[in-house]
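Single-letter residue listing:
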Amino acid sequence: MKLKLNYEAFDRGLEKLSGEYKIFAPVVLDYKGSFSDTPDIRYKEVNKFSEMEFALKSHFSPKEVMLPINEILLYFTQDEYSEAKAKDEKILIFMRACDINAVKRIDEIYLRNGEEDYYYKRMRDKIKFVLVGCKESFRNCLCVSMNSNKTEDYAMALNIREDELYIDIKDEEFNVFEGENAEFEVDYVKENYVKVEIPENIDPIKVNQAPFWQEYNARCISCGRCNFVCPTCTCFTMQDIFYRENENVGERRRVWASCQVDGFTDIAGGHSFRNTKGERLRFKAMHKIHDFNKRFGYHMCVGCGRCDDNCPQYISFSTTIDKINEFCKEGE
Ligand code: SF4
Ligand code: SF4
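Procedures and definitions
Residues numbered from 1 in each chain as written. Chains lettered and ligands numbered in written order. Predicted model: local features only at pLDDT ≥ 70, side-chain atom pairs only at ≥ 80, totals over all residues. Heavy atoms only, no water. Core = buried A, V, L, I, M, F, W, Y, C linked by side-chain atoms within 4.5 Å. Buried < 20%, exposed > 50% of the residue type's maximum accessible area, 1.4 Å probe, protein only. Helix = DSSP H or I, 4+ residues; strand = E, 2+ residues; numbered from the N terminus. Contact = heavy atoms within 4.5 Å. Near = heavy atom within 4 Å. Nonpolar A, V, L, I, M, F, W, Y, C, P; charged D, E, K, R; others polar. Domains from an automatic or database assignment. Buried area = accessible area lost by both parts, 1.4 Å probe. Salt bridge = Lys/Arg side-chain N within 4 Å of Asp/Glu carboxyl O. Polar contact = N/O pair within 3.5 Å; in protein donor to acceptor, adjacent residues only side chain to side chain. Pairing = 2+ DSSP bridges. Axes fitted to C-alpha atoms, helices over the stretch in contact; angles between N-to-C directions. Parallel < 35°, antiparallel > 145°, perpendicular 65-115°, else oblique. Expected span 1.5 Å × (residues − 1). Bend = angle between axes of the 7 residues up to and from the residue. 1 Å grid on protein atoms, 1.4 Å probe; cavity = no way out; pocket = protein on both sides within 12 Å on 5 of 7 lines; lining within 4 Å. Points joined across faces, edges and corners; volume = space filled by probe spheres on them.

1. What about the nonpolar core?
Next up, step 1: Judged by nonpolar contacts, the single largest core of 28 residues is most densely connected at Met66, Ile91, Ile93, Met95, Tyr120, Ile127 and Leu131.
Next up, step 2: Contributing elements (two or more residues each) for this core: helix 2 (63-66), strand 6 (90-95), helix 3 (97-111), helix 4 (118-124) and strand 7 (127-132).
Next up, step 3: The dominant element in this core, judged by the number of residues it contributes, is helix 3, at six residues.
Next up, step 4: Every residue in contact with Ile91, bar those within four places of it in the chain, is listed here: Tyr21, Lys22, Phe24, Val65, Met123, Lys126, Ile127 and Lys128.

2. Here's the deal with the site of ligand 2
Next up, step 1: Surveying the vicinity of ligand 2 reveals 13 residues, the closest of which are Cys220, Cys223, Gly224, Cys226 and Cys311.
Next up, step 2: For the shell around ligand 2, the per-class residue count stands at eight nonpolar, four polar and one charged.

3. Here we look at helix 1 (residues 7-17)
Working note: α-helix, 3.6 residues per turn, so residues spaced by three or four point in the same direction.
Next up, step 1: Buried within helix 1 are the following residues: Ala9, Phe10, Asp11, Gly13, Leu14 and Leu17.
Next up, step 2: Packed against the buried residues of helix 1 are strand 1 (2-6), strand 2 (21-29), strand 6, strand 8 (156-160) and strand 9 (164-169).

4. A word on the domain arrangement of the chain
Next up, step 1: As assigned here, the chain comprises domain 1 (2-62 + 86-181) and domain 2 (204-234 + 259-329).
Next up, step 2: Summarising the inter-unit geometry, the C-alpha centres of domain 1 and domain 2 are found 27 Å apart.
Next up, step 3: Counting the surface lost from both domain 1 and domain 2, the interface buries some 2,200 Å², and carbon and sulfur atoms represent 57% of this.
Next up, step 4: Looking only at domain 1, the three residues that lose the most surface to domain 2 are Arg105, Leu142 and Met146, adding up to 25% of its buried area.
Next up, step 5: Inspection of the region where domain 1 meets domain 2 yields two salt bridges.
Next up, step 6: Of the charged contacts, one joins Asp309 and Lys57 as a salt bridge, the two residues approaching to 2.7 Å between their closest N and O atoms.
Next up, step 7: For the pair domain 1 and domain 2, the interface holds 13 residue pairs in polar contact (both at pLDDT 80 or more).
Next up, step 8: Taken together, the residues of the side of domain 1 that touches domain 2 break down into twelve nonpolar, eight polar and seven charged.

5. Concerning the sheet that holds strand 4 (residues 70-76)
Next up, step 1: Strand order in the open sheet formed by four strands is 5-4-12-11, with antiparallel pairing between adjacent strands. If you trace the sheet from one side to the other, it starts and ends with strand 5 (81-83) and strand 11 (236-242), each paired once. Between one strand axis and the next, the sheet turns through 30° on average, direction left out of account.
Next up, step 2: Strand direction decides the pairing type here: strand 4 and strand 12 (residues 250-256), joined by six bridges, are antiparallel. Pairing of Ile72 across the sheet is with Arg253, part of strand 12.

6. Here's the deal with the packing of helix 8 (residues 277-296) against helix 10 (residues 317-329)
When two helices pack together, you describe them by how their axes are tilted relative to each other and by the distance separating the axes.
Next up, step 1: The contact between helix 8 and helix 10 brings their axes to 11 Å, and the two run at 70°. By the criterion of interaxial angle, the relationship of helix 8 to helix 10 is roughly perpendicular. Taking contact as the criterion, the partners of Ala285, Met286, Lys288 and Ile289 in helix 8 are, on helix 10, Phe317, Thr320, Ile321 and Ile324.
Next up, step 2: Class assignment of the residues belonging to the contact of helix 8 with helix 10 gives a composition of six nonpolar, one polar and one charged.

7. A short note on the pattern of salt bridges
Next up, step 1: Taken as a whole and assessed by the stated rule, the structure comprises 24 salt bridges.
Next up, step 2: Between Lys128 and Asp171 there is a salt bridge; the shortest N-O distance is 2.7 Å. With Lys128 in strand 7 and Asp171 in the loop between strand 9 and strand 10 (180-181), the pair connects residues that are 43 residues apart, well separated along the chain.
Next up, step 3: Here Glu197 ties to Lys329 by a salt bridge, and the two come within 3.7 Å at their closest N and O atoms. Of this pair, Glu197 sits in the loop between strand 10 and helix 5 (204-208) while Lys329 sits in helix 10, and the two are 132 residues apart along the sequence.
Next up, step 4: On the basis of relative accessible area, Glu197 is assigned to the partly exposed category, the value being 49%.

8. Some remarks on the environment of Gln239
Next up, step 1: Along the chain, the position of Gln239 falls in strand 11.
Next up, step 2: Distance from Gln239 to Ile72, taken between C-alpha atoms, is 9.4 Å for residues 167 residues apart in sequence.

9. Overview of helix 8
Next up, step 1: Taking 1.5 Å as the rise per residue, helix 8 with 20 residues should run 28 Å; its terminal C-alpha atoms sit 27 Å apart, in good agreement.
Next up, step 2: Of all the bends found along helix 8, the most pronounced is centred on His287 and spans about 60°.
Next up, step 3: All buried positions along helix 8 are accounted for by Gly278, Arg280, Leu281, Arg282, Lys284, Ala285, Met286, Lys288, Ile289, His290, Phe292 and Phe296.
Next up, step 4: In this structure, the buried residues of helix 8 make contact with helix 3, helix 5, helix 6 (215-219), helix 7 (225-228) and helix 10.
Next up, step 5: After helix 8 finishes, the residue Gly297 shows a positive phi value of roughly 90°.

10. Quick notes on the layout of surface pockets
Next up, step 1: Of the voids in this model, the largest pocket is the one considered here, and its volume is about 560 Å³.
Next up, step 2: Lining the largest pocket we find 22 residues, and of these Val65, Pro68, Glu71, Lys87 and Met123 sit closest to its centre.
Next up, step 3: Broken down by secondary-structure element, the contributors of at least two residues to the lining of the largest pocket are strand 2, strand 3 (40-45), helix 2, strand 4 and helix 4.
Next up, step 4: With four residues, strand 4 is the single largest residue contributor to the lining of the largest pocket.
Next up, step 5: Residues of the lining of the largest pocket, tallied by class, amount to eleven nonpolar, one polar and ten charged.

Structure follows, in structure tokens:
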């Protein structure tokens, strides 16, 4: 069902849904940005359309709703443990096409790469998406090159106009909105300012030896921001927290981890697989455009451009892809 409605009518529909769903969308958090006096745009719980921010790209992706930065898995005492309870509410997330496509990648890792992840599955089963149409590309986006500028995987889709909204309802549960019937196509980006070409048949052994990786030894500061803002990075580490009042009691958490940060590949005996920043960047880049593809048949990167937006050293992932491409073409 496709409808046209004003913002007030949309809010009335959201209110009806809020009895059953927690609704998440990007919001502006004033003075919370990485640089002084700048805002942060992150996914938070909302009630009204006016609270949502879609004129700008969110700094963090909606991944943090599904995979919390810090998630308690269980509580333990000396003798026993109990599983952290799942929240009962269903979740509705307003997302752009690239981010919905990113969830497909997260699903591969947590649900189809060996045993299903129990904690992810119980959360994922409760989540539905509202696709937010993008009329124009943002800075650094490369979703068209990564083939993730469109999706049909949504419960409802939304086109935003100055005084009205257009919604395409696919899931009957969302037949709570009142408006006029309308015919429209959900907005999607047809061209980005940034375009990349991913070389076919990358030889990873050859690319590993490319000299340009060494440039990053001096430039990258191993802050891990590029991982944390990426909607497709899924690595975590485990932490046991012992309560101060009783050191035999505590909780086990999983916490986001970054392959760019020192210590990520440390193993017993004082060894580490990737010691330099260039080696770490190479690992990340190759995972996004080669290794995942080899395993699942499509690229991991969805081209949201957040890694480029947020790197304090202005290291550009799309430029890295260009360098890999040029290197692969050398000597052909
Ligand atoms: S690698 Fe960069 S552009 Fe690709 S999905 Fe991650 S943050 Fe977005
Ligand atoms: S590439 Fe940029 S964002 Fe990523 S770890 Fe290095 S400095 Fe930080």
